[in-house]
Amino acid sequence: MSNQTVLVINAGSSTVKYQLISPTDGTAIASGIVEKIGEDLGIIEHKFGGHAYTETLKIDDHGHGLRKVLELFEQYGPNLAEANVVAVGHRIVQGGSVFPKPTLVTDEVVEQIRELIPLAPLHNPGHVKGLEVARELFPDVPHVVVFDTSFFQTMPAESYTYALPKAVAEKFSIRRYGFHGTSHQFVSNLAAQTIGKPLEETDQIVLHIGSGASVSAIKNGKAVDTSMGLTPLEGLVMGTRTGDIDPAVVFHLYREGGYSIDEIDTMFNKQSGLKGLCGHNDFREVLGLIEEGNEDAKVALDVFVHRLLKYVGSYMGVLGGLPDTITFTAGVGENNAMVRADLIGRLAGFGIKLDPELNEVRSKEPRIISAPDSTVKVLVVPTNEELEISRQTLEFVK
Ligand code: AMP
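Cut-offs used in this document
- Residues take numbers from 1 onward in each chain, read along the sequence in its written order.
- Side-chain atom pairs in this predicted model are given and counted only at pLDDT of 80 or more, local residue features only at pLDDT of at least 70, and totals for whole chains, interfaces and linings cover all residues.
- Note that the side-chain values use all heavy atoms of the structure and ignore hydrogens as well as water.
- Side-chain atoms within 4.5 Å are what join buried Ala, Val, Leu, Ile, Met, Phe, Trp, Tyr and Cys residues into a set we call a nonpolar core.
- Remark: exposure states derive from per-residue accessible area (1.4 Å probe, protein chains only) relative to the maximum for the residue type, with buried under 20%, exposed over 50%, and partly exposed in between.
- Only DSSP runs of H or I reaching four residues or more are called helices, and only runs of E reaching two or more are called strands; each is numbered from the N terminus.
- For two strands to be treated as a pair, DSSP must find at least two bridges joining them.
- As used in this structure description, the phrase polar contact means that two N or O atoms lie within 3.5 Å; if the pair is within protein, one of them must be able to donate a hydrogen and the other to accept it, and residues adjacent in sequence are counted only when both atoms belong to side chains.
- Contacts are residue-level and defined by heavy atoms, with any inter-residue pair within 4.5 Å sufficient.
- With axes taken as lines fitted to C-alpha atoms, and helix axes fitted only over the stretch in contact, angles between N-to-C directions fall between 0 and 180 degrees.
- By convention in these notes, a residue is near a molecule or strand provided one of its non-hydrogen atoms lies within 4 Å of it.
- Areas reported here follow the Shrake-Rupley algorithm with a probe of radius 1.4 Å; residue values treat only the protein chains shown as occluding.
- Side-chain rings of Phe, Tyr and Trp (the six-membered ring for Trp) are treated as a pair once their centres are within 6.5 Å; stacked means planes under 30 degrees apart, edge-to-face means over 60, and tilted covers the remaining angles.
- Charges are assigned to positions over rings by a cutoff of 6 Å between ring centre and Lys NZ or Arg CZ, combined with an angular limit of 35 degrees from the ring normal.

1. Some points on the nonpolar core
- Counting residues in hydrophobic clusters, the biggest one holds 57 residues, and the most contacted among them are Ile 113, Ile 205, Leu 207, Phe 304 and Leu 343.
- Looking at which element gives the most residues to this core, the answer is helix α11 (residues 295-319), with 11 residues.
- Within the second largest apolar cluster, 23 residues are counted, among which are Val 34, Leu 57, Phe 73 and Val 85.

2. Concerning unusual backbone geometry
- The omega torsion of the bond from Gly 77 to Pro 78 falls at -5°, within 30 degrees of zero and hence cis.
- Checked against the element boundaries, Pro 78 lands in the loop between α1 (62-76) and β6 (85-92).
- The residue Asn 220 is not glycine, and still its phi comes out positive at about 50°.
- Tracing the chain through its elements places Asn 220 in the loop between β10 (213-219) and β11 (222-226).
- Look at Ala 330: it is not a glycine, yet its phi comes out positive at around 75°.
- Secondary-structure assignment places Ala 330 in helix α12 (residues 330-335).
- You can call Ala 330 buried: its relative accessible area is 6%.

3. Brief notes about the pairing of strand β3 (residues 27-35)
- Pairing of strand β2 (residues 16-22) with β3 involves 7 bridges; the strand directions are antiparallel. Note that in β3 the partner of Leu 20 across the bridge is Ala 30.
- Here β2 folds back onto β3, and the loop between the two strands holds 4 residues, one of which, Gly 26, carries a positive phi near 75°.
- Judged from the 6 bridges that link them, β3 and strand β4 (residues 42-48) form a sheet pairing that is antiparallel. Note that in β4 the partner of Val 34 across the bridge is Ile 44.
- Hairpin connection of β3 to β4: 6 residues between the antiparallel strands, including Lys 36 at a positive phi of 60°.

4. Some points on the environment of Ser 370
- Summarising the element assignment, Ser 370 is placed in the loop between β13 (367-368) and β14 (377-380).
- For Ser 370, a relative accessible area of 7% puts it in the buried group.
- Sequence spacing of Ser 370 and Lys 353 is 17 residues, and the spatial spacing of their C-alpha atoms is 5.7 Å.
- A polar contact is formed between the side chain of Ser 370 and the backbone nitrogen of Val 378, at a distance of 3.0 Å.

5. Some remarks on the sheet that holds β6
- Taken in spatial order, the 8 strands of this open sheet run β5-β4-β3-β2-β1-β6-β8-β7, and their pairing is mixed. Both edges of this open sheet fall to β5 (51-57) and β7 (103-104), since each of them pairs with a single strand only.
- In this structure, β6 lies alongside strand β8 (residues 143-147), joined through 5 bridges in parallel fashion. Directly across from Gly 89, in β8, lies its bridge partner Val 144.
- Its contacts with the sheet put helix α2 (residues 107-115) on β6, β7 and β8, and the angle it makes with β8 is roughly 30°.
- Set on the sheet, helix α15 (residues 385-397) makes contact with β1 (5-11), β2, β6, β7 and β8; between it and β6 the angle comes to about 125°.

6. A few points about the site of the ligand
- Every residue lining the ligand is accounted for by Gly 210, Ser 211, Asn 281, Asp 282, Phe 283, Arg 284, Ala 330, Gly 331, Val 332, Asn 335, Asn 336 and Arg 362.
- Within the backbone of Ser 211, one N or O atom sits 2.9 Å away from an oxygen atom of the ligand.
- Within the contact set of the ligand, an oxygen atom lies 3.3 Å away from a backbone nitrogen or oxygen of Val 332.
- Relative to its unbound accessible area of 500 Å², the ligand is 71% covered by the protein chains.
- If you list the elements that add at least two residues to the shell around the ligand, you get α10 (283-291) and α12.
- With 4 residues, α12 is the largest single contributor of residues to the shell around the ligand.

7. Some words on the packing of aromatic side chains
- Per the counting criterion, the structure on display carries 6 aromatic pairs.
- Residues Tyr 18 and Phe 73 carry aromatic rings whose centres are separated by 5.7 Å and whose planes lie at 50° to one another, so their mutual orientation is tilted. Here Phe 73 lies in helix α1 and Tyr 18 lies in strand β2, a separation of 55 residues in the sequence.
- Among the residues examined, Tyr 18 registers a relative accessible area of 3% and is labelled buried.
- Judged by relative accessible area, which is 2%, Phe 73 ranks as buried.
- Look at Phe 283 and Phe 304: their rings are 5.0 Å apart centre to centre, the planes differ by 70°, and that puts the pair in the edge-to-face class. Taken as a pair, Phe 283 in helix α10 and Phe 304 in helix α11 lie far apart in primary sequence, 21 residues in all.
- Judged by its relative accessible area of 9%, Phe 283 falls in the buried class.
- Seen from the ring of Tyr 160, Arg 175 lies directly overhead, with NZ or CZ sitting 3.8 Å from the centre.

Fair warning: the whole summary comes from geometry, so function is off the table for now.
What follows is the structure in structure tokens.
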């Protein structure tokens, strides 16, 4: 194995995902996931050479999990000592305003990521643990942190500023940060390539619709607005998140409903969205229910598409006209022709049209699905956040 490789690590609160990637040709050589860290029984799945190896055992903490992963590499391959690993790239959800680009990991950087925990209490604690353990286990290669927020650091103040008292916003670092940035960056690059235009000459709207969902407006290749805010809760209706909601709902539930702030936090993040509306957060299940004539599921889908439509409409305003591309990505965006047809059908008044046959094609390749006479090219571009992280990491260490 002579190609340079990067080990990409995405450490969550109770999971660690990893991929060994060759950034130059885009191959994922091996990958895996450690799940249920700290629970009675954890699971590790390691994939290499077309096989998946699973072990169930109690995994005490992130260190234990990552050491097990190294054992699986030794046992089932590939041999990491021969894999030419030139760096470890870490996905970090929240980089605040501190990290506008990938950064070499030092003790000080780990401390800064720890200090950002109040802005990302669900994500940054796991990242810090992952960083500490990985630096011990891979002491001889540089570690690089790649942030979900960096791509959106180009947003102008009018997009990222909330209309709060200025001093309060400053004191508590409250602003729009945006998330899913590596996905929006990867997809907008490929979308420009797919239509054969330099990225810097494209205006784009990217719809990342998975269990989490976000929209971005991209002007001349740079992010100018996005739907997620201080946290990933704002914006679109998601699997279990409300997305946009009148903040007064919080006061009302607190005062009249007797809910605590933590209960409302859990309700808005984990029990709302599609799940709250119809009992299911997985899109395939929602669509299955609609086929059975379930009214709640139909309303859930309509609320979801209506919110998406409002963002696309407002971002055409932000961009000052029709974009070059509207691109669908992530689990739902890549796989669900029905949602794509529903949304684009509602944009017919702007001359935006799908080619119904192209929309039905299933493929892992980036592709145009709009009709030849559509005023905007509509695309499906499969996202690959790990590959983007590996590329940014390699770029950095070069
Ligand atoms: P992600 O978070 O990007 O992995 O996306 C997860 C979401 O994508 C879930 O709601 C899935 O139901 C949905 N999804 C994945 N595959 C399909 C598919 N083939 N058809 C419809 N939805 C899908």
